[in-house]
Amino acid sequence: MHRLTFVFACLLVMTFFSARSQPQNAFVQVRNGRLFQGDKPYFFMGTNFWYGMNLGAPAPLGNRERLIRELDRLQALGVTNLRVMAATEGPDTEPWRMAPAMQPSPGVFREDILEGLDFLLVEMGKRNMTAVMCMGNFWNWSGGFGQYLAWAGKGSIPYPPPAEGGDWTRYQLFASAFYKNKTAVDLYVNTLAKVISRTNTITGKPYTQDPTIMSWQLGNEPRGILNGFAFRKWIRKMSHEIKSLDANHLVTIGSEGRTSSSFAGNRFTKDHKSDDVDYTTAHLWVQNWGWYDPSKSETSLPEAIAKGQDYLRYHADLAQKINKPLVLEEFGISRDLNNHDPMATVQVRDAYYAAIFQEIYDLAKAGKPVAGVNFWAWGGEGRPRVPEGFWLAGDDFLGDPPHESQGWYSVYETDSTTQAVIRKFARMMNELR
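Keep in mind that this is a model prediction, so the values were computed, not measured. (Residues numbered from 1 in each chain as written. Predicted model: local features only at pLDDT ≥ 70, side-chain atom pairs only at ≥ 80, totals over all residues. Heavy atoms only, no water.)

**Q** Would you mind going over the nonpolar core in detail, with residue names and values included?
**A** The biggest cluster of nonpolar side chains holds 118 residues, and the ones touching the most others in it are F49 and W234. With 10 residues, the single largest contributor to this core is helix α11 (residues 347–365). Among all residues touching W234, those that are not within four sequence positions of it are F145, F178, Y179, V185, Y188, L218 and P222. Listed in part, the 10 residues of the second largest apolar core include V28, L250, Y279 and V327. (Core = buried A, V, L, I, M, F, W, Y, C linked by side-chain atoms within 4.5 Å. Buried < 20%, exposed > 50% of the residue type's maximum accessible area, 1.4 Å probe, protein only. Helix = DSSP H or I, 4+ residues; strand = E, 2+ residues; numbered from the N terminus. Contact = heavy atoms within 4.5 Å.)

Below you can see the structure in the form of structure tokens.
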């Protein structure tokens, strides 16, 4: 055989076996109610890393060196999936807002922030991670639906707490009007097209061709409130819109699931019914929902864990009925005694994480359509300027978004015992593949 022919043949064989041994290079898909990557079931340990795009922006806006360190740490823990914000809305002068925003004004997109998303995806791809790309937000901390309504001429955003006199009900009634406002929804659709149709400036690869992206998510915790019909119509239209732009990637809603309040207007089965919605999600917040009292952890933690386990089983059963995978994509708990100091102990958190991870693992191993879990949230080497204070532009990004007291739910790179729990269950989830 000619030497060049022999070398070429060897390269073909090596490429074949490399592709066979690395299913992570394939798009994540849904088959028979399960997530698959290549020919293998896809189970994962993930985290929320919503600020990754901003860290990936070129200096001085971002901090690519920190981003690389954080991704290396997460890779070492066995974390293989990151839920990130892939669209944020300005203006940056608004309070309690993730900044700088990708879209500071209607239809105007900052290329440097988009390049941060490019960089994030490239670095994730190097580590065989997949991304959930969150394209909107019911809540105000990234702009979200309220900002689209303000741009559509519906007046000032009635901010919820920590705004003085802020009211959660008033804000939710305002934000849920988004689904019926054509101008606001058109602005959102324009954002979908801008991001989904993008070509990565580093690799030259269109986003639609990048298997690092696992899914496009309609938004963070969208709620129907009193507009359930319009909400579900919006879900159907937007999921179909995304599929028309990108036939390779999955679509999901970003739903909390049942939540602790019927006022949210969520209907798990109805919300996820559309054929263009590929998998289901649920969020679990025992402390926010009043199931756990950090001042009475000895008695309230076991009760909270039991309620959390029931909550997961309930959603796993519903997901099985509609034959779609389920991901627990948000859950968390504070440090002991709700202390926001990064040096405070985390015995309760470790016990709670272990219990929830174990339930997810047990459900997946038993054949329920449970695919993975994303804890909230990775803070890494970031630190609050003032524990329990609120984020200001220039502060470190943590796991806690700008409208929440900093240090509440963040997992730091020094939280060795929590990391040991994460590492253990990451290994167990990965072994289910």
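Next comes the rest of the write-up.
**Q** Run through helix α12 (residues 416–431), naming residues and quoting values.
**A** Between the first and last C-alpha of α12 there are 22 Å, a value that for 16 residues agrees with the 22 Å anticipated at 1.5 Å per step. Within the span of α12, buried status applies to T418, Q419, V421, I422, F425, A426, M428 and M429. Residues of α12 that are buried in the fold lie against β4 (44–48), α3 (64–77), α11, β11 (370–375), β12 (378–380) and β13 (411–412). (Expected span 1.5 Å × (residues − 1).)

**Q** Quick rundown of the environment of P325? Include the residues and the values.
**A** Among the structural elements, P325 can be located in the loop between α10 (297–321) and β10 (326–331). Overall, the relative accessible area of 1% leaves P325 in the buried class. For the pair formed by P325 and T80, sequence separation is 245 residues and the distance between their alpha carbons is 17 Å. Setting aside residues up to four positions removed in sequence, P325 forms contacts with V30, G33, R34, L35, D278, Y279, T280 and P369.

**Q** Lay out the pattern of salt bridges with the relevant residues and their values.
**A** Where side chains of opposite charge bring their charged atoms close, a pairing between them can arise. Applying the stated criterion across every chain, the model contains 23 salt bridges. Across the salt bridge formed by R198 and D118, the nearest N and O atoms sit 2.8 Å from each other. With R198 in the loop between α7 (182–196) and β7 (213–217) and D118 in helix α4 (residues 111–126), this residue pair connects regions lying 80 residues apart in the sequence. Accessibility expressed as a relative area gives 10% for R198, which makes it buried. With relative accessibility at 0%, the residue D118 sits in the buried group. Here R383 and E413 are joined by a salt bridge, their closest N and O atoms 3.1 Å apart. With R383 in the loop between β12 and β13 and E413 in the loop between β13 and α12, this residue pair connects regions lying 30 residues apart in the sequence. (Salt bridge = Lys/Arg side-chain N within 4 Å of Asp/Glu carboxyl O.)

**Q** Explain the sheet that holds strand β3 (residues 40–41) residue by residue, including any values.
**A** What the three strands build is an open sheet, ordered β1-β2-β3; its pairing is antiparallel. Whereas interior strands pair on both sides, the edge strands pair on one side only; in this sheet they are β1 (28–31) and β3. Bridge analysis of β1 against strand β2 (residues 34–37) gives four bridges, and the strand direction is antiparallel. Paired with V28 across the two strands is Q37, which belongs to β2. (Pairing = 2+ DSSP bridges.)

**Q** Give me the lowdown on the sheet that holds strand β6 (residues 130–134), citing residues and values where you can.
**A** Judged by pairing direction, the sheet is parallel, and its eight strands sit side by side in the order β8-β7-β6-β5-β4-β11-β10-β9 without closing on themselves. For this open sheet the edge positions go to β8 (250–252) and β9 (280–284), each flanked by a neighbour on one side alone. Neighbour-to-neighbour, the strand axes of this sheet turn through a mean angle of 25 degrees, independent of strand direction. Inspection of the sheet shows β6 paired to β7 by four bridges, in the parallel sense. In the sheet register, M133 faces β7, and the bridge partner there is W216. (Axes fitted to C-alpha atoms, helices over the stretch in contact; angles between N-to-C directions.)

The analysis is restricted to geometry; functional conclusions fall outside its scope.
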